[in-house]
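As a plain string of letters, each chain reads:
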Amino acid sequence: SATKAPLVSLTWSVVAAVLFGALLHASWNALVKSSADKALDTAVIHLVGSFIGLPLLLLTGLPPVAAWPYIGASVVIHIGYYIALTGAYKHGDLGLTYPLMRGLGPMLVALSATVTLGETLTPLAWAGVLGVCGGVLVLGLSRHALDHPKAVGFALANAVVIAIYTVVDALGARAAVQAGGNAFQYVALLFVLDGWPFALIVLRRRGLAVAAPYARARLPVAALGA
């Protein structure tokens, strides 16, 4: 007989972790938006983050080999994420772009979770997802969306990218656990590797003569974001 997909359940500790993660995420996004060069700030923040991740990786150890393909895929996907993120912030306000990126992404994840993760939301949970995401999207779209089509385009594209890497990372972390490792190992290695490809792309475009002085001047802020 067919096996039903498991229902999603949340504990208060998971909810608290997600909300705290959201606060941290919004904070470094605000730092990027406030910068003169969005791409360079994003690159510097994540390069610093990669070095911060090294002690964590030494503490956790490498994840099982089964998780490595997911990490590789996530690193590639994050290049698109950073490109779309900086494009959105270059062409639009944080109050317009951030709600669009973060409002649509969770809805897309919830829709794809049944197929990719074998998870099924309850009707009440679906009502919550739709209510929160709908409210966030209305908040974003109410802020002169039609006057900034490029910003909206980048933000909506990034919402799709966010959904993709969220699912990939969930699959990768679970693959690590199933192979005898843990999710902390997956996250640590991802943080160590994540920022380098985009940073090298930005460095190639800006040149070392421009990138190095800017990075030195923004290092304290970047360290805070990282």
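For clarity, every value in this text was computed on a predicted model and none was experimentally measured. (Residues numbered from 1 in each chain as written. Predicted model: local features only at pLDDT ≥ 70, side-chain atom pairs only at ≥ 80, totals over all residues. Heavy atoms only, no water.)

Trainee: Just to check I follow, could you spell out the side chain of S35 for this structure?
Mentor: Turning to its location among the elements, S35 is positioned in the loop between α1 (12–33) and α2 (38–60). A polar contact of 3.4 Å, which involves the side chain of S35, links it to the backbone oxygen of D37. Beyond its immediate chain neighbours, meaning those up to four positions away, S35 contacts D41, Y214 and R218. (Helix = DSSP H or I, 4+ residues; strand = E, 2+ residues; numbered from the N terminus. Polar contact = N/O pair within 3.5 Å; in protein donor to acceptor, adjacent residues only side chain to side chain. Contact = heavy atoms within 4.5 Å.)

Trainee: I would appreciate a short explanation of the nonpolar core in the present structure.
Mentor: One broad trend across soluble globular proteins is that nonpolar side chains are buried collectively. If you look at the biggest cluster of nonpolar residues, it comprises 49 residues, and the most contacted ones within it are Y81, M101 and Y186. A per-element tally of this core places helix α6 (residues 149–178) first, with 10 residues. (Core = buried A, V, L, I, M, F, W, Y, C linked by side-chain atoms within 4.5 Å. Buried < 20%, exposed > 50% of the residue type's maximum accessible area, 1.4 Å probe, protein only.)

Trainee: What exactly am I supposed to notice about the side chain of D194 here?
Mentor: For D194, the position within the fold is in helix α7 (residues 183–194). For D194, the contacting residues outside a window of four places in its chain are H46, V75, H78 and Y82.

Trainee: Explanation requested: the environment of A188 in the structure shown.
Mentor: Position of A188 relative to the elements: it lies in helix α7. Of the residues examined, A188 reaches a relative accessible area of 0% and is grouped as buried. Along the primary structure A188 and S50 are separated by 138 residues, whereas in three dimensions their C-alpha atoms are 8.8 Å apart. Leave out the neighbours within four places in its chain, and A188 touches G53, L56, L57 and T60.

Trainee: Please clarify how the packing of helix α3 (residues 68–91) against helix α4 (residues 94–116) should be interpreted in this entry.
Mentor: When two helices pack together, their arrangement is given by the angle between their axes and by how far apart the axes lie. The interhelical angle for the contact between α3 and α4, taken along N-to-C directions, is 150°, at an axis separation of 9 Å. Contact residues: Y81, L85, A88 and Y89 in α3; L94, T97, Y98, M101 and R102 in α4. Residue composition of the contact of α3 with α4, by class: seven nonpolar, one polar and one charged. (Axes fitted to C-alpha atoms, helices over the stretch in contact; angles between N-to-C directions. Nonpolar A, V, L, I, M, F, W, Y, C, P; charged D, E, K, R; others polar.)

Trainee: I'm lost on the pattern of salt bridges in this one. Help?
Mentor: Once their charged atoms are close, side chains differing in charge can pair, the charge on each being opposite to the other. Applying the stated rule across the entire model yields two salt bridges. Residue D37 pairs with R206 through a salt bridge whose shortest N-O separation is 2.8 Å. Taken together, the residues span a long stretch of sequence, with D37 in the loop between α1 and α2 and R206 in helix α8 (residues 196–206) at a distance of 169 residues. The class of D37 is buried, set by a relative accessible area of 15%. Among the residues examined, R206 registers a relative accessible area of 31% and is labelled partly exposed. (Salt bridge = Lys/Arg side-chain N within 4 Å of Asp/Glu carboxyl O.)

Trainee: Would you take a moment to explain the layout of surface pockets for this structure?
Mentor: To find leftover empty space, one rolls a probe the size of a water molecule over the atoms. In this structure, the second largest pocket occupies an estimated 310 Å³ of space. Lining the second largest pocket are 15 residues, with A39, T86, G87, K90 and R206 positioned closest to its centre. Only α2, α3 and α8 provide two or more residues apiece to the lining of the second largest pocket. For the lining of the second largest pocket, the residue count by class is seven nonpolar, three polar and five charged. (1 Å grid on protein atoms, 1.4 Å probe; cavity = no way out; pocket = protein on both sides within 12 Å on 5 of 7 lines; lining within 4 Å. Points joined across faces, edges and corners; volume = space filled by probe spheres on them.)

Trainee: Can you walk me through a nonpolar patch on the surface in this structure?
Mentor: Taken together, the side chains of F51, L54, W196, L200, L203 and L208 present a nonpolar region at the surface, about 580 Å² in accessible area. Contributing elements (two or more residues each) for the nonpolar patch: α2 and α8. It is α8 that provides the largest number of residues to the nonpolar patch, a total of three residues. With respect to the element layout, L54 can be found in helix α2. (Patch = residues over 30% accessible without salt bridge, like charges linked within 9 Å, V, L, I, M, F, W, Y side chains within 5 Å. Areas by Shrake-Rupley, 256 points an atom, 1.4 Å probe, with all protein chains shown as cover.)

Trainee: Just to check I follow, could you spell out helix α9 (residues 208–225) for this structure?
Mentor: Every α-helix carries 3.6 residues per turn, so stepping three or four residues along brings you back to the same face. With 18 residues, α9 should cover 26 Å at 1.5 Å per step; its first-to-last C-alpha distance of 22 Å lies more than 12% under that length. For α9, the full list of buried residues reads A211, Y214, R218, A222 and G225. In this structure, the buried residues of α9 make contact with α1, α2 and α8. (Expected span 1.5 Å × (residues − 1).)

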